[in-house]
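One letter stands for each residue in the lines below.
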Amino acid sequence: MSKTLEFSIFEIIGSSLCVASSDGQRVHDRLVAALKEGRSVTLSFHNITTLTSAFLNAAIGQLYGTFSEERIRALLKVQDMQADDLALLKRVVETAKLYFQDPRKFDQAVQETLGDDSDES
Amino acid sequence: MNSSLPAIHHDQAGFEALVRLHGQTKDCVLDDIAIDMSATTWFDADMCAALGAILYRLGEQANTVKLQNIHPQVENILSKNGFLSHYGRTRIPDHWGTTIPYHRFDVKDDRYFADYIETELMHRSEMPSMSPGLMKKFRESVFEIFSNAVLHSRTTQGIFSCGQFFPRRNRLDFSVTDLGIGIRQNVQEAGLNLAPEMAIAWATEGRNTTKSGQIPGGLGLKLLGEFIDLNGGRIQIVSDAGYWRREGGNTVRCRLSQPFPGTLVTVEINTADTQSYILTSELSSADIF
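The following paragraphs examine the structure supplied in this document. (Residues numbered from 1 in each chain as written. Chains lettered and ligands numbered in written order. Predicted model: local features only at pLDDT ≥ 70, side-chain atom pairs only at ≥ 80, totals over all residues.)

Points about the overall build of chain B
Put simply, the rule reads: Strands are runs of DSSP state E lasting at least two residues, helices are runs of H or I lasting at least four, and both sets are numbered from the N terminus onward. Radius of gyration: C-alpha atoms only; globule rule: 2.2 Å multiplied by the number of residues to the exponent 0.38. Here a residue counts as buried when 20 or more other C-beta atoms fall within 10 Å of its C-beta, as exposed when 12 or fewer do, and as partly exposed in between; the C-beta atoms come from the backbone.
The helix and strand inventory of chain B stands at 8 helices and 8 strands. Since a compact globule built from 289 residues should have a radius of gyration of about 19 Å, the 19 Å found for chain B is in line with a globular shape. Overall size of chain B, expressed as C-alpha extent along the three principal axes, is 60 × 50 × 35 Å. The buried share among the 289 residues of chain B stands at 51%.

Below, the structure written as C-alpha coordinates:
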(Lines give C-alpha, C1' and ligand atoms only; values in the text may rest on other atoms or scores of the structure.)
Protein backbone atom coordinates (compact mmCIF):
# COMPACT_ATOMS: atom_id res chain seq x y z
CA MET A 1 0.00 0.00 0.00
CA SER A 2 1.31 3.46 -0.91
CA LYS A 3 2.35 5.80 1.81
CA THR A 4 0.08 8.77 2.51
CA LEU A 5 1.44 11.96 1.01
CA GLU A 6 1.62 15.03 3.23
CA PHE A 7 1.29 18.39 1.54
CA SER A 8 2.06 21.53 3.50
CA ILE A 9 0.06 24.50 2.27
CA PHE A 10 2.64 26.86 3.72
CA GLU A 11 5.31 25.13 1.68
CA ILE A 12 3.23 25.24 -1.51
CA ILE A 13 2.31 28.93 -1.40
CA GLY A 14 5.12 30.24 0.79
CA SER A 15 2.89 32.37 2.98
CA SER A 16 0.69 32.11 6.04
CA LEU A 17 -2.02 34.07 4.22
CA CYS A 18 -4.19 31.80 2.08
CA VAL A 19 -6.25 34.46 0.41
CA ALA A 20 -5.74 34.37 -3.35
CA SER A 21 -7.63 32.09 -5.70
CA SER A 22 -4.42 31.73 -7.75
CA ASP A 23 -2.60 30.31 -4.70
CA GLY A 24 -5.52 27.94 -4.14
CA GLN A 25 -5.09 26.77 -7.71
CA ARG A 26 -1.51 25.73 -6.98
CA VAL A 27 -2.66 23.61 -4.06
CA HIS A 28 -5.43 22.17 -6.22
CA ASP A 29 -3.01 21.15 -8.97
CA ARG A 30 -0.93 19.14 -6.53
CA LEU A 31 -3.99 17.49 -5.05
CA VAL A 32 -5.29 16.51 -8.49
CA ALA A 33 -1.94 14.94 -9.42
CA ALA A 34 -2.06 12.79 -6.29
CA LEU A 35 -5.76 11.89 -6.29
CA LYS A 36 -5.67 10.88 -9.94
CA GLU A 37 -3.07 8.30 -9.00
CA GLY A 38 -5.26 7.10 -6.16
CA ARG A 39 -2.82 8.36 -3.51
CA SER A 40 -3.99 9.36 -0.06
CA VAL A 41 -3.12 12.91 0.89
CA THR A 42 -3.00 14.72 4.19
CA LEU A 43 -3.17 18.45 3.67
CA SER A 44 -1.51 20.34 6.50
CA PHE A 45 -2.59 23.86 7.43
CA HIS A 46 0.24 24.27 9.91
CA ASN A 47 1.39 27.92 10.18
CA ILE A 48 -1.59 29.17 8.17
CA THR A 49 -3.17 32.20 9.82
CA THR A 50 -5.77 33.40 7.34
CA LEU A 51 -8.04 31.61 4.90
CA THR A 52 -10.65 32.90 2.49
CA SER A 53 -13.46 31.08 0.76
CA ALA A 54 -11.90 32.14 -2.58
CA PHE A 55 -8.71 30.23 -1.72
CA LEU A 56 -10.56 27.16 -0.44
CA ASN A 57 -12.93 27.11 -3.41
CA ALA A 58 -9.97 26.97 -5.78
CA ALA A 59 -7.86 24.58 -3.69
CA ILE A 60 -10.51 22.11 -2.57
CA GLY A 61 -13.99 23.09 -3.76
CA GLN A 62 -13.18 22.51 -7.41
CA LEU A 63 -12.03 18.94 -6.67
CA TYR A 64 -15.74 18.05 -6.64
CA GLY A 65 -15.86 18.85 -10.34
CA THR A 66 -13.30 16.15 -11.05
CA PHE A 67 -13.66 13.52 -8.34
CA SER A 68 -16.60 11.89 -6.64
CA GLU A 69 -17.46 12.68 -3.03
CA GLU A 70 -16.59 9.11 -2.11
CA ARG A 71 -13.14 9.33 -3.67
CA ILE A 72 -12.36 12.64 -2.01
CA ARG A 73 -13.60 11.37 1.35
CA ALA A 74 -11.48 8.23 1.02
CA LEU A 75 -8.26 9.90 -0.07
CA LEU A 76 -8.13 13.43 1.35
CA LYS A 77 -7.61 14.48 4.95
CA VAL A 78 -6.85 17.83 6.51
CA GLN A 79 -4.92 18.56 9.69
CA ASP A 80 -3.72 21.47 11.83
CA MET A 81 -6.84 23.54 11.20
CA GLN A 82 -8.47 25.80 13.76
CA ALA A 83 -12.14 25.15 14.52
CA ASP A 84 -13.40 28.22 12.67
CA ASP A 85 -11.28 27.40 9.64
CA LEU A 86 -12.68 23.88 9.63
CA ALA A 87 -16.17 25.37 9.72
CA LEU A 88 -15.31 27.56 6.72
CA LEU A 89 -13.93 24.58 4.82
CA LYS A 90 -17.07 22.61 5.60
CA ARG A 91 -19.20 25.40 4.09
CA VAL A 92 -16.99 25.59 1.02
CA VAL A 93 -17.31 21.83 0.56
CA GLU A 94 -21.10 21.87 0.97
CA THR A 95 -21.39 24.75 -1.50
CA ALA A 96 -19.12 22.97 -3.99
CA LYS A 97 -21.19 19.78 -3.81
CA LEU A 98 -24.32 21.76 -4.62
CA TYR A 99 -22.56 23.76 -7.32
CA PHE A 100 -21.39 20.69 -9.17
CA GLN A 101 -24.77 19.01 -8.84
CA ASP A 102 -26.13 21.74 -11.10
CA PRO A 103 -23.56 24.46 -11.81
CA ARG A 104 -25.82 26.53 -14.06
CA LYS A 105 -28.80 26.67 -11.75
CA PHE A 106 -28.79 30.35 -10.97
CA ASP A 107 -32.39 31.07 -10.21
CA GLN A 108 -32.34 29.05 -7.01
CA ALA A 109 -33.92 30.94 -4.15
CA VAL A 110 -33.94 34.22 -6.06
CA GLN A 111 -37.49 35.02 -5.10
CA GLU A 112 -36.81 34.27 -1.44
CA THR A 113 -33.68 36.38 -1.61
CA LEU A 114 -35.46 39.35 -3.00
CA GLY A 115 -38.53 38.82 -0.87
CA ASP A 116 -36.50 38.95 2.35
CA ASP A 117 -35.25 42.47 1.86
CA SER A 118 -36.99 45.67 2.67
CA ASP A 119 -37.19 48.44 0.12
CA GLU A 120 -36.31 52.05 0.52
CA SER A 121 -36.58 54.73 -2.06
CA MET B 1 -15.24 70.97 -17.54
CA ASN B 2 -16.04 72.28 -14.06
CA SER B 3 -17.67 70.20 -11.38
CA SER B 4 -18.05 70.31 -7.63
CA LEU B 5 -18.44 68.06 -4.63
CA PRO B 6 -20.55 68.51 -1.49
CA ALA B 7 -19.60 67.05 1.90
CA ILE B 8 -18.91 63.34 1.46
CA HIS B 9 -20.01 61.08 4.26
CA HIS B 10 -19.73 57.36 4.30
CA ASP B 11 -23.43 56.85 3.48
CA GLN B 12 -26.00 56.72 0.73
CA ALA B 13 -25.93 60.51 0.20
CA GLY B 14 -22.14 60.37 -0.12
CA PHE B 15 -22.38 57.66 -2.78
CA GLU B 16 -25.08 59.61 -4.56
CA ALA B 17 -22.79 62.66 -4.73
CA LEU B 18 -19.97 60.56 -6.17
CA VAL B 19 -22.10 58.93 -8.86
CA ARG B 20 -23.32 62.40 -9.86
CA LEU B 21 -19.70 63.47 -10.26
CA HIS B 22 -19.09 60.39 -12.38
CA GLY B 23 -22.19 61.14 -14.46
CA GLN B 24 -21.05 64.69 -15.14
CA THR B 25 -17.51 63.78 -16.12
CA LYS B 26 -17.58 60.25 -17.55
CA ASP B 27 -17.57 61.28 -21.20
CA CYS B 28 -14.71 63.78 -20.88
CA VAL B 29 -11.68 62.99 -22.99
CA LEU B 30 -8.48 65.05 -23.25
CA ASP B 31 -10.09 67.67 -21.05
CA ASP B 32 -9.10 69.75 -18.03
CA ILE B 33 -11.49 68.86 -15.23
CA ALA B 34 -11.61 71.19 -12.25
CA ILE B 35 -13.47 69.91 -9.20
CA ASP B 36 -14.44 72.62 -6.76
CA MET B 37 -14.35 71.31 -3.19
CA SER B 38 -15.28 74.54 -1.42
CA ALA B 39 -18.55 72.91 -0.30
CA THR B 40 -16.76 69.74 0.77
CA THR B 41 -16.70 70.52 4.46
CA TRP B 42 -16.23 66.85 5.37
CA PHE B 43 -14.78 63.88 3.56
CA ASP B 44 -14.87 60.42 5.15
CA ALA B 45 -11.38 59.20 4.31
CA ASP B 46 -12.30 55.67 3.20
CA MET B 47 -14.45 57.25 0.45
CA CYS B 48 -11.14 58.09 -1.25
CA ALA B 49 -11.35 54.57 -2.69
CA ALA B 50 -14.50 55.50 -4.61
CA LEU B 51 -13.42 59.01 -5.56
CA GLY B 52 -9.99 57.73 -6.53
CA ALA B 53 -11.54 55.15 -8.84
CA ILE B 54 -13.70 57.77 -10.57
CA LEU B 55 -10.74 60.13 -11.00
CA TYR B 56 -8.36 57.38 -12.11
CA ARG B 57 -10.82 56.45 -14.85
CA LEU B 58 -10.83 60.08 -15.99
CA GLY B 59 -7.03 60.01 -16.08
CA GLU B 60 -7.17 56.90 -18.25
CA GLN B 61 -9.19 59.00 -20.72
CA ALA B 62 -6.27 61.43 -20.86
CA ASN B 63 -7.99 64.10 -18.78
CA THR B 64 -6.16 66.33 -16.32
CA VAL B 65 -7.97 66.50 -12.99
CA LYS B 66 -7.50 69.33 -10.52
CA LEU B 67 -9.01 69.42 -7.04
CA GLN B 68 -9.57 73.02 -6.00
CA ASN B 69 -10.55 75.01 -2.90
CA ILE B 70 -10.07 72.14 -0.51
CA HIS B 71 -10.91 72.92 3.11
CA PRO B 72 -7.81 72.75 5.32
CA GLN B 73 -9.14 69.93 7.51
CA VAL B 74 -10.15 67.88 4.45
CA GLU B 75 -6.79 68.59 2.81
CA ASN B 76 -5.07 67.50 5.99
CA ILE B 77 -6.70 64.07 6.15
CA LEU B 78 -6.49 63.42 2.40
CA SER B 79 -2.81 64.38 2.47
CA LYS B 80 -2.12 62.08 5.40
CA ASN B 81 -3.60 59.06 3.67
CA GLY B 82 -1.69 59.74 0.47
CA PHE B 83 -4.72 60.47 -1.69
CA LEU B 84 -3.77 64.02 -2.60
CA SER B 85 -0.26 62.91 -3.55
CA HIS B 86 -1.94 61.73 -6.76
CA TYR B 87 -3.19 65.26 -7.38
CA GLY B 88 -0.12 67.39 -6.85
CA ARG B 89 -0.01 67.70 -3.05
CA THR B 90 2.74 66.52 -0.73
CA ARG B 91 2.01 63.68 1.63
CA ILE B 92 2.18 64.69 5.27
CA PRO B 93 2.97 62.42 8.22
CA ASP B 94 0.09 60.80 10.04
CA HIS B 95 1.25 61.35 13.62
CA TRP B 96 -1.88 59.84 15.16
CA GLY B 97 -1.70 56.88 12.84
CA THR B 98 -5.43 56.74 12.18
CA THR B 99 -5.32 56.59 8.39
CA ILE B 100 -5.09 53.46 6.28
CA PRO B 101 -3.41 54.74 3.13
CA TYR B 102 -5.15 55.07 -0.21
CA HIS B 103 -3.79 52.54 -2.67
CA ARG B 104 -4.47 51.27 -6.15
CA PHE B 105 -3.81 47.62 -6.96
CA ASP B 106 -3.88 45.54 -10.10
CA VAL B 107 -5.88 42.33 -10.05
CA LYS B 108 -2.68 40.30 -9.90
CA ASP B 109 -1.53 42.13 -6.78
CA ASP B 110 -3.05 39.68 -4.27
CA ARG B 111 0.22 39.31 -2.40
CA TYR B 112 0.88 43.03 -2.46
CA PHE B 113 -2.60 43.67 -1.10
CA ALA B 114 -1.99 41.09 1.64
CA ASP B 115 1.23 42.88 2.63
CA TYR B 116 -0.62 46.20 2.65
CA ILE B 117 -3.28 44.83 4.99
CA GLU B 118 -0.73 43.27 7.31
CA THR B 119 1.47 46.36 7.39
CA GLU B 120 -1.14 49.10 7.42
CA LEU B 121 -3.86 47.42 9.44
CA MET B 122 -2.87 44.42 11.45
CA HIS B 123 0.57 45.24 12.75
CA ARG B 124 0.18 48.89 13.52
CA SER B 125 0.65 49.94 17.12
CA GLU B 126 -1.98 52.65 16.68
CA MET B 127 -4.69 50.15 15.85
CA PRO B 128 -7.36 49.82 18.49
CA SER B 129 -6.90 46.71 20.56
CA MET B 130 -9.26 44.18 19.08
CA SER B 131 -9.71 40.65 20.33
CA PRO B 132 -7.65 38.06 18.41
CA GLY B 133 -10.89 36.50 17.12
CA LEU B 134 -12.15 39.85 15.83
CA MET B 135 -8.80 40.62 14.19
CA LYS B 136 -8.90 37.28 12.40
CA LYS B 137 -12.49 37.74 11.20
CA PHE B 138 -11.80 41.29 10.09
CA ARG B 139 -8.70 40.25 8.18
CA GLU B 140 -10.61 37.43 6.49
CA SER B 141 -13.42 39.81 5.56
CA VAL B 142 -11.10 42.32 3.95
CA PHE B 143 -9.48 39.59 1.90
CA GLU B 144 -12.88 38.22 0.89
CA ILE B 145 -13.81 41.66 -0.47
CA PHE B 146 -10.58 41.94 -2.44
CA SER B 147 -10.90 38.37 -3.76
CA ASN B 148 -14.42 39.14 -4.85
CA ALA B 149 -13.16 42.08 -6.91
CA VAL B 150 -10.38 39.97 -8.41
CA LEU B 151 -12.67 37.08 -9.29
CA HIS B 152 -15.70 38.93 -10.59
CA SER B 153 -14.95 42.47 -11.70
CA ARG B 154 -12.83 41.84 -14.80
CA THR B 155 -11.36 45.26 -14.17
CA THR B 156 -8.43 46.36 -16.25
CA GLN B 157 -8.07 49.64 -14.40
CA GLY B 158 -7.46 48.31 -10.93
CA ILE B 159 -8.80 47.97 -7.44
CA PHE B 160 -8.71 50.85 -4.99
CA SER B 161 -8.72 50.76 -1.22
CA CYS B 162 -8.59 53.14 1.68
CA GLY B 163 -9.56 53.21 5.33
CA GLN B 164 -9.74 55.22 8.50
CA PHE B 165 -10.22 54.40 12.11
CA PHE B 166 -11.84 56.48 14.77
CA PRO B 167 -10.41 55.53 18.17
CA ARG B 168 -12.97 57.46 20.23
CA ARG B 169 -15.90 56.02 18.33
CA ASN B 170 -14.44 52.47 18.30
CA ARG B 171 -15.01 52.35 14.57
CA LEU B 172 -12.92 51.32 11.60
CA ASP B 173 -14.05 52.10 8.07
CA PHE B 174 -12.54 50.32 5.09
CA SER B 175 -13.51 50.48 1.42
CA VAL B 176 -12.54 48.51 -1.66
CA THR B 177 -13.61 49.70 -5.12
CA ASP B 178 -13.11 48.24 -8.54
CA LEU B 179 -13.68 49.65 -12.02
CA GLY B 180 -15.10 46.41 -13.36
CA ILE B 181 -18.30 45.30 -15.03
CA GLY B 182 -20.41 45.43 -11.87
CA ILE B 183 -22.62 42.90 -10.15
CA ARG B 184 -25.65 43.54 -12.35
CA GLN B 185 -23.83 42.63 -15.55
CA ASN B 186 -22.26 39.59 -13.89
CA VAL B 187 -25.69 38.38 -12.82
CA GLN B 188 -27.10 39.20 -16.25
CA GLU B 189 -24.43 37.11 -17.96
CA ALA B 190 -25.37 34.31 -15.60
CA GLY B 191 -28.89 34.41 -17.01
CA LEU B 192 -30.79 36.68 -14.64
CA ASN B 193 -32.00 40.10 -15.61
CA LEU B 194 -32.31 41.97 -12.32
CA ALA B 195 -32.42 45.62 -11.35
CA PRO B 196 -29.01 46.81 -10.06
CA GLU B 197 -30.01 46.81 -6.37
CA MET B 198 -31.72 43.42 -6.75
CA ALA B 199 -28.57 42.00 -8.33
CA ILE B 200 -26.54 43.05 -5.27
CA ALA B 201 -29.11 41.49 -2.95
CA TRP B 202 -28.96 38.28 -4.96
CA ALA B 203 -25.15 38.16 -4.92
CA THR B 204 -25.01 38.52 -1.15
CA GLU B 205 -26.98 35.35 -0.56
CA GLY B 206 -25.00 32.18 0.05
CA ARG B 207 -25.03 29.65 -2.79
CA ASN B 208 -25.86 32.31 -5.35
CA THR B 209 -22.88 32.85 -7.58
CA THR B 210 -22.17 34.28 -10.98
CA LYS B 211 -19.16 32.06 -11.26
CA SER B 212 -19.26 29.29 -13.78
CA GLY B 213 -16.65 26.80 -14.81
CA GLN B 214 -14.49 24.69 -12.57
CA ILE B 215 -14.14 26.80 -9.45
CA PRO B 216 -17.26 27.17 -7.35
CA GLY B 217 -18.03 30.42 -5.57
CA GLY B 218 -20.80 32.25 -3.84
CA LEU B 219 -19.75 32.47 -0.21
CA GLY B 220 -17.61 35.59 0.10
CA LEU B 221 -20.26 38.29 0.47
CA LYS B 222 -22.49 36.01 2.53
CA LEU B 223 -19.67 35.42 5.04
CA LEU B 224 -18.99 39.12 5.16
CA GLY B 225 -22.64 39.89 5.96
CA GLU B 226 -22.71 37.29 8.73
CA PHE B 227 -19.61 38.74 10.34
CA ILE B 228 -20.95 42.29 10.16
CA ASP B 229 -24.20 41.16 11.83
CA LEU B 230 -22.29 39.58 14.72
CA ASN B 231 -19.90 42.49 15.02
CA GLY B 232 -22.59 45.17 15.09
CA GLY B 233 -21.03 46.95 12.13
CA ARG B 234 -22.35 47.95 8.75
CA ILE B 235 -21.68 46.97 5.15
CA GLN B 236 -22.65 49.02 2.11
CA ILE B 237 -22.34 47.97 -1.51
CA VAL B 238 -22.74 50.15 -4.58
CA SER B 239 -22.65 48.58 -8.01
CA ASP B 240 -24.05 50.01 -11.22
CA ALA B 241 -26.93 52.19 -9.94
CA GLY B 242 -27.72 49.82 -7.09
CA TYR B 243 -27.23 50.64 -3.41
CA TRP B 244 -27.43 47.94 -0.73
CA ARG B 245 -26.81 48.20 2.99
CA ARG B 246 -26.84 45.70 5.82
CA GLU B 247 -26.83 46.76 9.45
CA GLY B 248 -28.17 45.09 12.57
CA GLY B 249 -29.44 42.15 10.54
CA ASN B 250 -31.60 44.43 8.39
CA THR B 251 -31.08 45.04 4.72
CA VAL B 252 -31.93 48.12 2.71
CA ARG B 253 -31.67 48.47 -1.02
CA CYS B 254 -32.46 51.30 -3.37
CA ARG B 255 -31.53 52.93 -6.65
CA LEU B 256 -29.00 55.73 -7.06
CA SER B 257 -29.68 58.40 -9.66
CA GLN B 258 -26.81 57.24 -11.89
CA PRO B 259 -24.52 54.24 -12.12
CA PHE B 260 -21.15 53.86 -10.47
CA PRO B 261 -18.51 52.61 -12.94
CA GLY B 262 -17.79 49.40 -11.03
CA THR B 263 -18.42 48.03 -7.58
CA LEU B 264 -17.73 49.52 -4.18
CA VAL B 265 -17.81 47.55 -0.95
CA THR B 266 -17.39 49.42 2.29
CA VAL B 267 -17.44 48.06 5.82
CA GLU B 268 -17.65 49.68 9.20
CA ILE B 269 -16.26 47.55 11.99
CA ASN B 270 -17.10 47.95 15.65
CA THR B 271 -13.62 47.67 17.13
CA ALA B 272 -14.93 47.42 20.70
CA ASP B 273 -16.58 44.10 19.87
CA THR B 274 -15.52 41.62 22.55
CA GLN B 275 -16.98 38.45 21.07
CA SER B 276 -14.46 35.65 20.93
CA TYR B 277 -15.59 34.34 17.52
CA ILE B 278 -14.42 30.95 18.71
CA LEU B 279 -16.83 28.24 17.72
CA THR B 280 -18.43 26.35 20.53
CA SER B 281 -19.43 23.28 18.52
CA GLU B 282 -16.41 21.21 17.62
CA LEU B 283 -16.32 20.04 14.05
CA SER B 284 -14.12 17.03 13.40
CA SER B 285 -11.75 17.09 10.45
CA ALA B 286 -13.09 13.62 9.65
CA ASP B 287 -16.54 15.11 8.93
CA ILE B 288 -15.50 17.66 6.33
CA PHE B 289 -15.70 15.78 3.06
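Regarding the nonpolar core
This is how the line gets drawn: We define a nonpolar core as a collection of buried residues of the types Ala, Val, Leu, Ile, Met, Phe, Trp, Tyr and Cys that are connected via C-beta atoms lying within 7 Å of each other.
Grouped together as the largest cluster of nonpolar side chains are 112 residues, with contacts concentrated most on A:F55, B:L18, B:C48, B:A49 and B:F146. The dominant element in this core, judged by the number of residues it contributes, is helix α5 (residues 132-152) of chain B, at 9 residues.

Things to note about the pairing of strand β5 (residues 159-166) of chain B
All names here are of chain B. The condition is simple: One requirement defines pairing of two strands: DSSP has to find at least two bridges between them.
Judged by how many residues are buried, β5 sits mostly within the fold: 7 of 8 residues are covered. Two strands pair when backbone bridges link them, and strand β4 (residues 99-105) and β5 are joined in this way by 5 bridges, in the antiparallel orientation. Looking across to β5, one finds that T99 is bridged to Q164. Direction of pairing for β5 relative to strand β6 (residues 171-178): antiparallel, over a ladder of 8 bridges.

Focus: the sheet that holds strand β1 (residues 5-8) of chain A
Residue and element names in this part refer to chain A. Test applied: Helix axes use the C-alpha atoms of the stretch in contact, all axes being lines fitted to C-alpha atoms, and the angles between their N-to-C directions lie in the range 0 to 180 degrees.
Read across the sheet, 3 strands follow the order β1-β3-β5 without closing on themselves; strand pairing throughout is parallel. Two strands close off the open sheet at either side, each with one partner strand: β1 and β5 (76-79). Each neighbouring strand pair of the sheet contributes to a mean axis angle of 25°, computed without reference to strand direction. Relative to strand β3 (residues 41-44), β1 is paired through 4 bridges, and the arrangement is parallel. Residue S8 lies in a different strand from β3, and its bridge partner there is S44.

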